[in-house]
Amino acid sequence: MNYLPNILFAIILIAGLGYFSVNVKKLIRNIKLGKSKEVKDNTSLRWKNMINIALGQSKMVRRPISGFLHVIVYVGFVIINIEVLEIIIDGLFGTHRIGLKVLSPAVYGFLIGTFEILALGVLISVIVFWIRRNVIKIKRFLSSEMKGWPKNDGNIILYFEVVLMCLFLIMNATDATFQNLEAGNIISQYIAPLFNGFSETALHTIERTAWWIHIIGILAFLNYLYYSKHLHILLAFPNTYYGRLNPKGQFDNNEAVTKEVQLMMDPNADPFAAPAEGEEVPAKFGASDVQDLSWVSLLNAYTCTECGRCTSECPANQTGKKLSPRKIMMDTRDRLVEVGKNIDANKGEFKDDGKQLLDDYITREELWACTSCNACVEACPVSIDPLSIIMEMRSYLVMEQSAAPIELNNMMTNIENNGAPWPYNQMDRLNWKNE
Amino acid sequence: MSESLQVPTMAEFMAQGKQPEVVFWVGCAGSFDDRAKKITKAFVKLLNKANVEFAVLGTEESCTGDPAKRSGNEFLFQMQAATNIEVLNGYEVKKIVTACPHCFNTIKNEYPGLGGNYEVMHHTQFLKTLLDEGRLTIEGGKFKGKRITFHDPCYLGRANDVYEAPRDLIKKLEAELVEMKNCRRNGLCCGAGGAQMFKDAEKGDKEINVERTEQALDIKPEIIATGCPFCNTMMTDGVKTKEQEGKVEVMDVAELIANAQDL
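Residues numbered from 1 in each chain as written. Chains lettered and ligands numbered in written order. Predicted model: local features only at pLDDT ≥ 70, side-chain atom pairs only at ≥ 80, totals over all residues.

A short note on the interface of chain B and chain A
Between chain B and chain A, the residue contacts involve 57 residues of the former and 57 residues of the latter. The set of elements that each furnish at least two residues to the side of chain B that touches chain A consists of helix 2 (27-32), helix 3 (34-49), helix 4 (66-71), helix 5 (74-90), helix 6 (101-110) and helix 9 (208-218) of chain B. If one sorts the elements of the side of chain B that touches chain A by residue count, helix 5 of chain B sits on top with 7 residues. Here the residues of the side of chain B that touches chain A sort into 21 nonpolar, 20 polar and 16 charged. (Contact = placed C-beta atoms within 7 Å. Helix = DSSP H or I, 4+ residues; strand = E, 2+ residues; numbered from the N terminus. Nonpolar A, V, L, I, M, F, W, Y, C, P; charged D, E, K, R; others polar.)

Right, dumping it as structure tokens:
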């Protein structure tokens, strides 16, 4: 009978981690639905970017207030999780605060004391975050794409963090042995008096309850990630690693088009030649759905935590146009999730559902409002590139649908005919010299 | 004045069996747009003054394909690129300078993958080099003490991280360089990029160029300097919309330097 809690703990732990890993597999499968793109260059710079941008939060702090608060929550999250290690060991082996058996009280106290200070920091930061989202109503949290689930999602994450931090502190405050240690109870010593007058049994029950809800809460939070914008706590790392290294102005050249152009310019090419046996059918140009985007773009979509820095820097959005780079990322993820569910429901194969990313999620009006200025790419704290999705989709509209706005068609006709976007004769190109 | 402009073509250099130091890629705006042609001429005057042996492609130059690519027409872009690369490689061109950040970005970043490898400089970078090498000298002249702000073209700044060359030139004029709320990597677009220059904007509550011009006017400059013919058009229009054309001038950095010396 004594082993019951240990067994129960093991079951909960395995279920929590198991369900999470099932979802991680789905996540990876969904990302791989994107077009292959080899990203193997310059590994040292990629590691450096990951360390600076994800681990070092270098782009977060460009906005000092939210950046500073985020660093506290981030450091708190990472460091307090060391405590989870102790909880897991205690839970599995029925020990209590195994750390005290391994470490000297001074070292153990120092560790837990640090966790307590961080927990308080996280608590305060999270409350400020909640106020920014719900009371001060900062503009970037109010865009139309943030209504409903995205707004609730943001708040649920904050509530989770408040509850977890409170449980951690209560757990310490009601642990008589720990309080008597007089080391590390930096914050919880001020909470302990709240429980004065409670019987020893009651205290113990509260401590155990807090302990259990805390670990169950952590596992629940872990599993919540897959359904939430909060995946960035994991995906920011691969995303900054695989983020683009080229100058931001350099857009990828489509290799399939290069082949076609070479063929057209080759005087010896036979225009009527049948394609060689086994030659690949030319893929569709650009993207109308998530499977047409590169896997990096899909990883970008899962990484986005909807902070809206991109949208707040977007010149089109600032001047009231429908385009919001954040919405481009959210739509891409929503559609990808929908495609993933479709595959799950149809035994591993995607059945046409009559929907696509273009028009059903992202409208043409949004796509044509982009000035390709890269402000969104520059603003993203985790190296997401909304611009490449916009360009892929424009490419589909023009090359597969001939559906550019009429003025752009005129401009392109001019380039084709006279080598300039305006209707001037190429032979007049040097006339300025004599004017 | 225009008679004094020396604008040799690559074909002429070829005929003499010579190679110029640099090819000046004029660009479509620089060739055809009335406002941008003045920038082209100002830059040529400076090249002449510094005795730079340069050449233009003249009628052999064609659109780089930037607006086609940004519109989504990869095919047209690559056709343009292939044609231009054939011409440039035919002349064995090694170094290119251009006064258009869009041409600059496309030739510098997107042509190498298609077989066109050149050293490409924006005209502000090139002018800076001429100064550093002592081939060109600038005196403040009439811009001494004037309040000048620099509008970062997206395709020069964020796209290619060139922020200092144009600013260094303005400082050389002994002008008072003032910065807008959004500058350098946070610079706000003028609204022309991504082929927006050639179409009406989508429905919104303001034009982007007006928003950007307001940011500039907020800091009360006498001159809004820029380094892109399209930004120049957009900011000039913005200044007109705000009815400030008598008070605030929009000028290219090359024009500032040429005018400072009464070229």
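Anyway, onward from the coordinates.
A few points about the domain arrangement of chain A
All names here are of chain A. Domain boundaries in chain A define domain 1 (4-31 + 63-233) and domain 2 (255-263 + 283-425). On a C-alpha basis, the centroid separation for the pair domain 1 and domain 2 is 39 Å. With 14 residues of domain 1 at the contact, the number on the domain 2 side is 18 residues. Classifying every residue of the side of domain 1 that touches domain 2 gives 5 nonpolar, 4 polar and 5 charged. (Domains from an automatic or database assignment.)

Some details on the domain arrangement of chain B
All names here are of chain B. As far as domains go, chain B holds domain 1 (2-130) and domain 2 (137-260). The centre of domain 1, based on its C-alpha atoms, is set 22 Å off from the matching centre of domain 2. With 26 residues of domain 1 at the contact, the number on the domain 2 side is 26 residues.

Some remarks on the sheet that holds strand 1 (residues 22-25) of chain B
Residues and elements named next belong to chain B. Pairing is parallel across the open sheet formed by 4 strands, whose spatial order is 2-1-3-4. The sheet is open, and its two borders are formed by strand 2 (54-55) and strand 4 (119-122), each paired with just one other strand. As judged from the 3 bridges shared by strand 1 and strand 3 (residues 95-98), these two strands associate in the parallel manner. Pairing of Trp25 across the sheet is with Thr98, part of strand 3. (Pairing = 2+ DSSP bridges.)

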